[in-house]
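Below, each chain spelled out in residue letters.
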Amino acid sequence: MKPARFDYLRPADLPTALTALKEDTGAKPLSGGQSLGPMLNLRLARPSLLVHVGALPELRAVEERPDAILYGAAITHAEFEDGAVPDPTPGFLARIARGIAYRAVRNRGTIGGSLAHADPAADWPTTLAALGAQVSLVTLTSLTGHLTAPTLRREMPVEDFITGAFETALGEGEIVEGVVIPRCHGTARFGYRKSCRKVGEFAEAMCAVLYDPARGVFRLAIGATEARQVVIQDARFILQDVDKIDEVLREAGLAADPASFRLRRAVIREAIAALEPESLPA
Amino acid sequence: MNAVTHALSIEVNGRPIEAEVEPRQSLADFLREDLLLTGTHLGCEHGVCGACTILIDGAPARSCIAFPVALEGAKITTIEGLIDDPVMVELRAAFTREHALQCGFCTPGMLVMARDIVLRRPGLDTDAIRHELAGNLCRCTGYVGIIKAIQSVAAERAGEAPLVTRGTLVAPPLYASPLTLPVPPTSRIGIIEPQKAPAAAPEDAAFTIEPLRNPIEIVQEFDVGAPRATVWALFQDPARVIACLPGASLSEPSDGRSLKAEMRVKLGPMQAAFGGVGQISADPSTWSGAIDGRGVDARSATRVQARLVYRLEEKSENGTHVCVDVAYVLQGPLAQMSRGAIARDLAARLTGAFAANLDGAVKGGVLAPQAAPLDAGSLVLSLLKGWLARLFGRG
């Protein structure tokens, strides 16, 4: 239960971090380390080098934009929970953050790390997909001939970023720099449910629904699948007729096991039902 | 490979510490082994049980999955450093009064977490306390005494303003007994080079088939466009069967009855390379057979035991219906981390890829000499889905 040997780098700036990650194919970025730590201890992950990106100013930044807020990847779950950062929604982010694992984990774990880890049962990937968030990725353009290596950025929707269980669109030497969460209208509602055997454990079924008629957004995301999230961009047909979720689950291949099918169906129904009482802005 | 150490400046219980640490050393081990602060207990060592909870810059964290090398300049407070903390004084009295501990193993973590709960959310009711305390496991008390103790302290503080503990300073003990002060780290007695474990070659003993206990089962049926005899012949050739399994290869030539094989699996940051032995049996009269095997991933010590049963049905002159039942049991770290459903998904995709490769092999298609390790990425998945859709005429 001790990690295999690895080296550690605390980079002075972002280009140094990206260079180190690009030069050593065995290197892994370290943010809060709450998912990577257990994997290191169990020796399931054996990186040659950990590049500590969690303290870089770019990854700790918060930028308010007219239509969205950009959060650096290393903003912790606890910071969302405590309202230490602004919220572009009527309180949805704090509500989700409060349900992630345990406080001792939330104090260290980060939003960008959660996305990069891409655990299907994690809270952020499903929540952020439902909120229509974009992931901002950064990498180096080239390694040679530059004193200050230029960085290259790209943005993509969360549901495109996560390609499977623990699999993402991150390229070699590329890291998650931030997450851009669009502002919801003040009247927006959010329904969220997950089913865990024990509080803080990995979820077995999960659903997030965003109901924001002022912006014309009715998005539903099903998480804790065995692969990537199932995102329904216009879920009005489900909101009008809840029985339609059976069909959606069947099409997504999530109906094979009767017990898990029933659980998923119940969780989705509860998430939709929760739109009514819970998310009316105070 | 020599262990690289890094210089570290850190503050523990109010005392500055200069140390040289190896990157892989956990904070819990650093506190216990180097500073002799053994009040921090280690239970699961992968962030689940909460016994090792300490304060980093005032906020609770798991010390078993934190690395001191990444905590330059941080202020660490252990249970020893909270001896005079006014909230801790109340909590200790309450724990004694309510009989909130029995063996005491979880208690340091419980107290550190309890302090955070009553400060951050004063006046909490028992349900909410249970929720907040879910990350700390106790195997003796049934939690009743612990919850009562925390609730009594929380109730006393009901009127106080909530305090976010992140970034707060914890005052060091007023009088520190020598036992509660960190001992400066002793210079290391050199690095002990790890002894190379003897290459795993335990499988020379005769392989006996053992029944699988609570296996995960996957059934896959598909059609292959070739006569039954051709498909049957392929199944009798271990080298060709193994070549159809992504990431798998024979480690030595097979005699047709037993086989030694290796298999690489990748799931995100997790990688495993299973080496193992198997036994082949076939019953030509029923066009069916079985391959039994077991293997070990030498890196994580994850064990796998599997049984593959196949049955060939004649569909037409040039078509064979293949039924493959795979049952397997995964034990050890990989099973712990990857959880049932994801392992099942991966196994189902492996079986699917096996079917696709088999179809290609029967039709005389050329397979890559060494099938690439199955990457759980979307590419493989989409390829497979496309293939399955074509196969079942839905595409």
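Under an unreviewed UniProt entry, chain B has the name 2Fe-2S iron-sulfur cluster binding domain-containing protein and belongs to Ancylobacter radicis.

The name that an unreviewed UniProt entry assigns to chain A is FAD binding domain-containing protein, with the source organism given as Ancylobacter radicis.

Attention now moves to the domain arrangement of chain A. All names here are of chain A. What the domain assignment lists for chain A is domain 1 (56-182) and domain 2 (189-273). The gap between the C-alpha centroids of domain 1 and domain 2 is 22 Å. Of the residues lining the interface, 26 residues belong to domain 1; the matching set on domain 2 comes to 26 residues. One can count one salt bridge joining domain 1 with domain 2. Where aspartate 123 meets lysine 194, a salt bridge forms, and the shortest distance between an N and an O atom there is 3.0 Å. In this assembly, domain 1 and domain 2 are joined by ten residue pairs in polar contact (both at pLDDT 80 or more). Elements that contribute at least two residues to the side of domain 1 that touches domain 2 include exactly helix 5 (92-98), helix 8 (123-131), helix 9 (158-161) and strand 8 (162-164). It is helix 8 that contributes the most residues to the side of domain 1 that touches domain 2, seven residues altogether. Taken together, the residues that form the side of domain 1 that touches domain 2 break down as 15 nonpolar, six polar and five charged.

Another aspect to go through is the packing of helix 2 (residues 86-97) of chain B against helix 3 (residues 107-120) of chain B. All names here are of chain B. Direction vectors running N to C along helix 2 and helix 3 enclose 120°, while the axes themselves pass 10 Å from each other. Considering the angle they form, helix 2 stands oblique to helix 3. Viewed along their axes, helix 2 and helix 3 form a crossing whose handedness is right-handed. Only Thr107, Met110, Leu111, Val112, Ala114, Arg115, Val118 and Leu119 of helix 3 make contact with helix 2, whose side of the interface consists of Val87, Met88, Leu91, Arg92 and Phe95. Of the residues assigned to the contact of helix 2 with helix 3, the class counts are ten nonpolar, one polar and two charged.

Residue and element names in this part refer to chain B. In this structure, threonine 141 sits in the loop between helix 4 (126-132) and helix 5 (144-156). In terms of polar contacts, threonine 141 uses its side chain to reach the backbone amide nitrogen of tyrosine 143, at 3.0 Å. Ignoring anything within four residues of it in the chain, the contact list for threonine 141 reads Ala100, Leu101, Gln102 and Ile146.

On to the interface of chain B and chain A. On the chain A side, the residues contacting the 62 residues of chain B number 50 residues. Interface of chain B and chain A: buried area, both sides summed, is about 4700 Å²; carbon and sulfur atoms make up 60% of it. In this assembly, chain B and chain A are joined by five salt bridges. Aspartate 29 of chain B is the salt-bridge partner of lysine 2 of chain A, the closest N and O atoms lying 2.6 Å from each other. Broken down by secondary-structure element, the contributors of at least two residues to the side of chain B that touches chain A are strand 3 (53-56), strand 4 (59-62), helix 3, helix 4, strand 8 (258-267), strand 9 (270-283) and helix 8 (333-362) of chain B. The element best represented in the side of chain B that touches chain A is helix 8 of chain B, accounting for nine residues. For the side of chain B that touches chain A, the residue count by class is 33 nonpolar, twelve polar and 17 charged.

Moving on, we get to the environment of glycine 37 of chain A. By the element assignment, glycine 37 of chain A lies in helix 2 (residues 36-41). Classification of glycine 37 of chain A by relative accessible area gives buried; the value is 1%. In this structure glycine 37 of chain A touches Ile65 and Phe67 of chain B, once residues within four positions along its chain are discounted.

Rules used in this analysis
Residues numbered from 1 in each chain as written. Chains lettered and ligands numbered in written order. Predicted model: local features only at pLDDT ≥ 70, side-chain atom pairs only at ≥ 80, totals over all residues. Heavy atoms only, no water. Domains from an automatic or database assignment. Contact = heavy atoms within 4.5 Å. Salt bridge = Lys/Arg side-chain N within 4 Å of Asp/Glu carboxyl O. Polar contact = N/O pair within 3.5 Å; in protein donor to acceptor, adjacent residues only side chain to side chain. Helix = DSSP H or I, 4+ residues; strand = E, 2+ residues; numbered from the N terminus. Nonpolar A, V, L, I, M, F, W, Y, C, P; charged D, E, K, R; others polar. Axes fitted to C-alpha atoms, helices over the stretch in contact; angles between N-to-C directions. Parallel < 35°, antiparallel > 145°, perpendicular 65-115°, else oblique. Left-handed = near helix turned anticlockwise from the far one by under 90°. Buried area = accessible area lost by both parts, 1.4 Å probe. Buried < 20%, exposed > 50% of the residue type's maximum accessible area, 1.4 Å probe, protein only.

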